[in-house]
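# Working through the structure, step by step
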Amino acid sequence: MHMLTVSVLLGLIGVICILDSRWLGRMNFERPLITCTLVGLVLGDVQTGLTVGASLELISLGLVNIGAATPPDMNMASIIAAGFAILTDAGIETALAIAVPISILGQMLGILMRTILSNLTHLADSYIEKEQYRKARNVHIVWGTLLYCLMYFIPIFLAVYVGTDVVQRIVDVVPAWLTNGLGLASKFLTAYGIALLLNMMLNKDLTVFFILGFFIVAYFNLNVTAVAIFACMIALILTGLRFGKGGGSGHAATPDDYDPLEDPLEA
């Protein structure tokens, strides 16, 4: 397969992945394991794709996009790393080494793209004020989607077509002050995103569980997975006590007129 064709196909995989959770619903195409498997299918080496994807999936488990924060882009990194691992017969260690700088570059591109899209919102507002609704619709649906697709297609195409050395040089050329500034901005956005989520979720009944989880992590040094397991157990116990017959027999007591939207825990 010609390198130009390979580069275009991998770029299109990136487009499919970036449209996941935007146009395609939540089909998990943006997970490294699925992404690398698609790369393996295209390049005829599913085993290597799965192996690289599994390794990168473990890395990306701790990267959660909270609010407006932009974490390192393991999705873009997975496509490029899996592609090079298959095309050059490189090992898993080499693929992981390639993924790290590319994920940072993808993070910078993501912050830049979100900045551009925020300005497009003001452009759409001006069209609405002028009653040019078709242009306003195109700004959101057409131009925003096109920019997101190009944000993935172009870097993946160039990285595969010209080689990883060029990608590494681009990362090295980025000045430290810009990298530090983007990193600091992402931390602020993360804190802001957490604050937005807490503002929507917390109430007088749920705050105690948030504080309990905080102290469990702080004083028992448990990881997020362990805390999540304890949280699920507590949720099951409380659900049984609240809705089960006989103090938690496991059979839900749901009257005909019960409305979960009126539950005080949901208030």
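In this report, the structure presented in the accompanying data block is examined. Computed from a prediction, not measured in an experiment: that's the story for all the values here.

### Considerations on the overall build of the protein
- Each helix and strand counted, the protein has ten helices and zero strands in total.
- Tracing the protein from N to C terminus, the helices and strands come up as α-α-α-α-α-α-α-α-α-α.
- Within the protein, the fraction of its 267 residues that count as buried is 32%.
- Here the contacts in the protein between residues at least 6 apart in sequence split such that 67% fall between residues at least 24 apart.
- Accessible surface computed for the protein: about 16500 Å², of which carbon and sulfur atoms make up 68%.

### What about the side chain of Thr 145?
- Note on placement: Thr 145 falls in helix 6 (residues 133-162).
- In this structure, Thr 145 is in contact with Leu 19, Trp 23 and His 140, ignoring residues within four places of it in sequence.

### Some details on unusual backbone geometry
- Not every positive phi belongs to a glycine, and Glu 131 is a case in point at roughly 60 degrees.
- Mapped onto the elements of the fold, Glu 131 is located in the loop between helix 5 (92-129) and helix 6.
- Among the residues examined, Glu 131 registers a relative accessible area of 60% and is labelled exposed.

### Observations regarding helix 10 (residues 224-243)
- Compared with an ideal rise of 1.5 Å per residue, which puts 20 residues at 28 Å, helix 10 spans 28 Å between its outermost C-alpha atoms and is within 8% of the ideal.
- Looking at helix 10, one finds that the buried residues are Ala 226, Val 227 and Gly 240. Angular distribution of buried residues about the axis of helix 10 spans 155 degrees; they occupy a single face of the element. Exposed positions of helix 10 whose direction lies more than 90 degrees from the buried face are Val 224, Thr 225 and Leu 236.
- In this structure, the buried side of helix 10 is in contact with helix 9 (207-220).

### Digging into the packing of aromatic side chains
- Evaluation of the coordinates by the stated rule reveals four aromatic pairs.
- With centroids separated by 5.7 Å and ring planes inclined at 15 degrees, the aromatic side chains of Phe 215 and Tyr 219 adopt a geometry described as stacked. In this pair, Phe 215 and Tyr 219 are both assigned in helix 9, four residues apart and thus about one turn of the helix distant.
- A residue is classified by how much of its surface remains accessible, and Phe 215, at 38% relative accessible area, is partly exposed.
- Residue class for Tyr 219 comes out exposed when judged on its relative accessible area of 62%.
- Put simply, the rings of Phe 153, Phe 157 and Tyr 161 pair up and form one aromatic cluster.

### Considerations on helix 3 (residues 46-60)
- Between its terminal C-alpha atoms helix 3 stretches 20 Å, which fits the 21 Å expected from 15 residues at 1.5 Å a residue.
- Taken together, the buried positions of helix 3 are occupied by Thr 48, Gly 49, Val 52, Gly 53, Leu 56, Glu 57 and Ser 60. Seen end-on, helix 3 carries its buried residues on one side only, within an arc spanning 160 degrees. With respect to the buried face of helix 3, the exposed residues turned more than 90 degrees away are Gln 47 and Leu 58.

Here is what the cut-offs are and how they apply
Residues numbered from 1 in each chain as written. Predicted model: local features only at pLDDT ≥ 70, side-chain atom pairs only at ≥ 80, totals over all residues. Heavy atoms only, no water. Helix = DSSP H or I, 4+ residues; strand = E, 2+ residues; numbered from the N terminus. Buried < 20%, exposed > 50% of the residue type's maximum accessible area, 1.4 Å probe, protein only. Contact = heavy atoms within 4.5 Å. Areas by Shrake-Rupley, 256 points an atom, 1.4 Å probe, with all protein chains shown as cover. Expected span 1.5 Å × (residues − 1). Arc of directions from axis to C-beta. Phe/Tyr/Trp six-rings, centres within 6.5 Å; stacked < 30°, edge-to-face > 60°.

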